[in-house]
Amino acid sequence: MKLWFDTDPGVDDALALALILARPEFELLGLSTVFGNVSVETTTANALRLLTLLGHPDLPVHAGAEAPLQGRPRYATEVHGNDGLGGCAALLPPAACAAQAESGVEALLQASRIHAGALHLVAVGPLTNVALALRADPELPQRLASFTVMGAAFGLHGFSGNVTVCAEANIYNDALAASEVFACHWPALRVIGLDATQRVAMPLEALEPLRQAGPAARLLWQALQPYAGYYATRDGRAALVAHDATAVAALLAPQAFHWRRGPIRVVQGGLAHGQTVQDWQRLGQGDPQWDALPHHEVAIDADDELLSQLCLRAW
Ligand code: BDR
Ligand code: CA
């Protein structure tokens, strides 16, 4: 599977990257970075260092958007640390290569043209790069084999948001971009939000062996300690919730999720900014605002055991 990875590393982005690079099913062609967990300068530097750490220093990294289409970025330093990697970025080896001159948006479009029909896009940060690529070339979706998004929350199992009570961080950070992306027809768009990712919680004891699994695994283990600590305090359980790795696992094991199909809208502005709503019951039928929208698959539940095993085997 030829992959393009749009990302804002980010501790769970790092775990997702490790999973991608560990699996023979994937051929990673390149990365575009985006602001999100921290600034785009930092997410780009982290992507380059992580690739060096994980033994793929030559993979191209293209810096993307530094701010949302509207409004200002909201970084998640309380979750990922000021450096985006739980205070461990400086412990990683220096990047062996620099970022490419071409922007993340141009590079994604270029890859979709070269590998038309065969490229699988995975986006695990704010959807700004993807929305900009769509604006620049509305035929992008027709050239993709599939599109997987980590983002959104639909209020199932009590998970309505993680940055506000109404919104998940990636969608909150660029609600307009998300709205434009969800309004578009994609060959196969799968949305893996908090309703699924929060169900996959790896007990921290299960991660202990990673400390002995080599220098790269040990650094990842170290980076995820403050991140896991944040979730332990918030959720009251000592477990790792690896949102972005869970979304990548959806490409390997879609059967490990329950899916629900329907159009998706995104609230912009006000108390519920960034809230996602899916009309799976078709209650909006007859309303042109709903009728105009394509239907997408949303993950509404996930097999904790199977997905934890998949994510952990990456190290
Ligand atoms: C998402 O937001 C970011 O903080 C994480 O990396 C993940 O992509 C979870 O809401
Ligand atoms: Ca992310």
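What you see is a predicted model; the values in this text were computed from it and never measured. (Residues numbered from 1 in each chain as written. Chains lettered and ligands numbered in written order. Predicted model: local features only at pLDDT ≥ 70, side-chain atom pairs only at ≥ 80, totals over all residues.)

### Describing the site of ligand 1
Every one of the 15 residues lining ligand 1 counts as a neighbour, but Gly-10, Asp-12, Ala-76, Ala-169 and His-243 are closest to it. Of all the elements in the fold, those that place two or more residues in the shell around ligand 1 are helix 1 (11-22), helix 7 (169-173) and helix 12 (243-252). (Near = placed C-beta within 6 Å. Helix = DSSP H or I, 4+ residues; strand = E, 2+ residues; numbered from the N terminus.)

### A word on unusual backbone geometry
In this structure, the amide linkage connecting Pro-9 to the following residue, Gly-10, adopts the cis form with an omega of -15°. Along the polypeptide, Gly-10 turns up in the loop between strand 1 (2-7) and helix 1. Despite not being glycine, Arg-282 has its phi angle at roughly 60°, a positive value. Along the chain, Arg-282 turns up in the loop between strand 11 (276-278) and helix 13 (288-291). When the 12 C-beta atoms within 10 Å are taken as the criterion, Arg-282 is described as exposed. (Buried ≥ 20, exposed ≤ 12 C-beta atoms within 10 Å, placed from the backbone.)

### Points about the sheet that holds strand 3 (residues 61-63)
The eight strands lie next to each other as 3-2-1-4-5-6-12-9, forming an open sheet whose pairing is mixed. Two strands in the sheet have a free side with no partner beyond their single neighbour: strand 3 and strand 9 (257-262). Taken pair by pair, the neighbouring strands of this sheet meet at an average axis angle of 20°, ignoring direction. (Pairing = 2+ DSSP bridges. Axes fitted to C-alpha atoms, helices over the stretch in contact; angles between N-to-C directions.)

### Here's the deal with the confidence of the model for the protein chain
Taken as a whole, the protein chain shows an average pLDDT of 96; of its residues, 100% reach a score of 70 or greater. Model confidence for the complex is summarised by a pTM of 0.97, with the ipTM given as 0.99. (pLDDT = per-residue confidence, 0-100.)

### Some remarks on the packing of helix 4 (residues 104-114) against helix 5 (residues 128-136)
At a minimum axis distance of 9 Å, the contact between helix 4 and helix 5 shows a crossing angle of 65°. Seen from above, helix 4 lies across helix 5 with right-handed handedness. Here Gly-104, Val-105, Leu-108 and Leu-109 of helix 4 lie close against helix 5, whose contacting residues are Asn-129, Leu-132, Ala-133 and Ala-136. For the contact of helix 4 with helix 5, the per-class residue count stands at six nonpolar, two polar and no charged. (Left-handed = near helix turned anticlockwise from the far one by under 90°. Contact = placed C-beta atoms within 7 Å. Nonpolar A, V, L, I, M, F, W, Y, C, P; charged D, E, K, R; others polar.)

### Let's talk about the UniProt feature "domain: Inosine/uridine-preferring nucleoside hydrolase" (unreviewed entry) in the protein chain
Under the present numbering, the feature "domain: Inosine/uridine-preferring nucleoside hydrolase" (unreviewed entry) in UniProt falls on residues 3-305. Its end C-alpha atoms 25 Å apart, residues 3-305 is made of 37% helix and 18% strand. (UniProt positions renumbered as here; feature names shortened; annotations may be inferred.)

### Regarding the packing of helix 12 against helix 14 (residues 304-312)
At a minimum axis distance of 10 Å, the contact between helix 12 and helix 14 shows a crossing angle of 100°. Taken together, the axes of helix 12 and helix 14 are roughly perpendicular relative to one another. On helix 14, the residues that touch Ala-245, Thr-246, Ala-249 and Leu-252 of helix 12 are Leu-307, Leu-310 and Cys-311. Residue composition of the contact of helix 12 with helix 14, by class: six nonpolar, one polar and no charged. (Parallel < 35°, antiparallel > 145°, perpendicular 65-115°, else oblique.)

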